[in-house]
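Listed below, chain by chain, are the residues.
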Amino acid sequence: MKELVEVIARALVENPDEVVVTETEKDGEIVIELKVAPSDMGKVIGKQGRIAKAIRSVVKAAASKEDKKVVVDIQ
């Protein structure tokens, strides 16, 4: 899951070197934290959060194949 989020985020931003993705497990669910440069935050979130929602949908679909619950946190 971590690699999937990282590939998507790097394709969207202007500063791909500043993309940091961490994966932790809490209470039986996987939490993926995505950190990008402040100037790239708008590109990752998108208008009315559409891109962020799309990223979460793709990750959720990939996680459902493995019967896992995944939360994507964009910071």
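The residue numbering used here restarts from 1 in each chain and proceeds along that chain's sequence as written. Per-residue local features of the predicted model are confined to residues with pLDDT of at least 70, and side-chain atom pairs are confined, for both listing and counting, to 80 or more; whole-chain, interface and lining totals are unaffected and use all residues. Side-chain numbers here rest on the full set of heavy atoms in the structure, without hydrogens or water.

Section: the overall build of the protein
Numbering of helices and strands starts at the N terminus; helices are DSSP runs of H or I of at least 4 residues and strands are runs of E of at least 2. When its secondary structure is counted, the protein shows three helices and three strands. Written out in order from the N terminus, the α and β elements of the protein read α-β-β-α-α-β. Expected size for 75 residues packed as a compact globule is a radius of gyration near 11 Å; at 12 Å, the protein falls within 12% of this value. When a residue's accessible area, from a 1.4 Å probe over protein chains only, is under 20% of the maximum for its type it is buried; when over 50% it is exposed; and in between it is partly exposed. For the protein, the residues scored as buried account for 28% of the 75 residues in total. Note on contacts: a residue pair qualifies if any of its non-hydrogen atoms lie within 4.5 Å across the two residues. Residue pairs in contact within the protein that sit at least 24 positions apart in sequence constitute 51% of those at least 6 positions apart. The protein chains shown are the only cover counted for residues, whose accessible areas, like all others here, come from Shrake-Rupley with a 1.4 Å probe. For the protein, the accessible surface area stands at approximately 4,900 Å², while carbon and sulfur atoms represent 51% of it. On the protein, the mean spot of the 13 positive side-chain charges and the mean spot of the 14 negative ones are 7 Å from each other. Here the globule rule is a power law, 2.2 Å times the number of residues to the power 0.38, and the radius of gyration is based on C-alpha atoms. In this tally, Lys and Arg are treated as positive and Asp and Glu as negative; His is ignored, and so are the chain termini. Working definition for charges: the position is that of NZ of Lys, CZ of Arg, CG of Asp or CD of Glu.

Structural notes on the nonpolar core
The biggest cluster of nonpolar side chains holds 18 residues, and the ones touching the most others in it are Val19, Ile32, Leu34, Val44, Val59 and Val70. Among the elements of the structure, α1 (2–12), β2 (29–35), α3 (50–65) and β3 (69–74) are those that each provide at least two residues to this core. Examining the composition of this core, we find that four residues originate from one element, α3, more than from any other. Side-chain atoms within 4.5 Å link the members of a nonpolar core, which is a set of buried Ala, Val, Leu, Ile, Met, Phe, Trp, Tyr and Cys residues.

Concerning the packing of α1 against α3
Running from N to C, α1 and α3 cross one another at 155°; their axes reach a closest spacing of 10 Å. Regarding the angle of α1 to α3, the classification is roughly antiparallel. The handedness of the crossing between α1 and α3 comes out as right-handed. In this structure, α1 contributes Leu4, Val5, Ile8 and Leu12 to the contact, and α3 contributes Ile51, Ile55, Val58, Val59 and Ala62. For the contact of α1 with α3, the per-class residue count stands at nine nonpolar, no polar and no charged. Only C-alpha atoms enter the line fits that serve as axes; for helices the fit covers just the stretch in contact. Angles between N-to-C directions range over 0 to 180 degrees. By the definition adopted for this analysis, an angle is roughly parallel if under 35 degrees, roughly antiparallel if over 145, roughly perpendicular if from 65 to 115, and oblique otherwise. Take the far helix as the reference: if the near one is turned anticlockwise from it by less than a right angle, the crossing is left-handed, and if turned clockwise, right-handed. Gly falls in the polar group here, along with every residue not listed as nonpolar (Ala, Val, Leu, Ile, Met, Phe, Trp, Tyr, Cys, Pro) or charged (Asp, Glu, Lys, Arg).

Remarks on the environment of Ile51
Mapping Ile51 onto the fold places it in helix α3. The partly exposed category is assigned to Ile51, whose relative accessible area is 29%. Note: C-alpha distance between Ile51 and Leu12 (39 residues apart in sequence) is 9.5 Å. Beyond its immediate chain neighbours, meaning those up to four positions away, Ile51 contacts Leu12, Lys43, Val44, Ile45 and Gly46.

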